[in-house]
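# Breakdown of the fold
As a plain string of letters, each chain reads:
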Amino acid sequence: VRVAEEAGVVGLTSLTTLRLQQNELMALPDGFGLLTKLQYLDLSFNHLVSLPSGIAHMTKMRELKLSYNDLEAKSLPVESMTGLEELHLTANRLTGIPHTFAHLKE
């Protein structure tokens, strides 16, 4: 997490693709939601237990990979990601389909 902040990842607001899989991340910086142009984000195979609420501002997101983390339904603020086409959640701590999914397009 500190590496992502120190490297200025949250300042790279023109990014459309970001791959951070298999980095043993436990959390994301609060400013992560400022990456509003992201269309593809891979955070698979980390140790994330929640996502920053600002991630909901990533309305251009098309594919979000969150498999193999420790996420629970209440920690998935994806209701504003209306352009989302693919959401990968394999092997998390979900016990059901999050109610926020009702706001996503078919």
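Structure report, in brief. Quantities reported herein were computed from a predicted structural model and do not represent experimental measurements.

Definitions and limits used
Residues numbered from 1 in each chain as written. Predicted model: local features only at pLDDT ≥ 70, side-chain atom pairs only at ≥ 80, totals over all residues. Heavy atoms only, no water. Pairing = 2+ DSSP bridges. Helix = DSSP H or I, 4+ residues; strand = E, 2+ residues; numbered from the N terminus. Axes fitted to C-alpha atoms, helices over the stretch in contact; angles between N-to-C directions. Salt bridge = Lys/Arg side-chain N within 4 Å of Asp/Glu carboxyl O. Buried < 20%, exposed > 50% of the residue type's maximum accessible area, 1.4 Å probe, protein only.

The subject of this paragraph is the sheet that holds strand β1 (residues 17-19). Spatially, the four strands line up as an open sheet ordered β1-β2-β3-β4, and their pairing is parallel. At either end of the open sheet lies a strand with only one pairing partner, and these are β1 and β4 (86-88). Taking the axes of each pair of neighbouring strands and ignoring which way they run, one obtains an average angle of 5° across the sheet. Strand direction decides the pairing type here: strand β3 (residues 63-65) and β4, joined by three bridges, are parallel. Residue K65 lies in a different strand from β4, and its bridge partner there is H88.

In this section: the pattern of salt bridges. The tally for this structure, following the rule as stated, stands at two salt bridges. A salt bridge links E63 to K65; its shortest N-O distance comes to 3.7 Å. By relative accessible area, which is 17% here, E63 ends up buried. Using a relative accessible area of 22% as the deciding quantity, one classes K65 as partly exposed. The partner of R93 in a salt bridge is E72, with the nearest N and O atoms 2.5 Å apart. Of the two residues, R93 sits in the segment after β4 while E72 sits in the loop between β3 and β4, which places them 21 residues apart along the sequence. Residue classification places E72 among the partly exposed residues on the basis of a relative accessible area of 24%.

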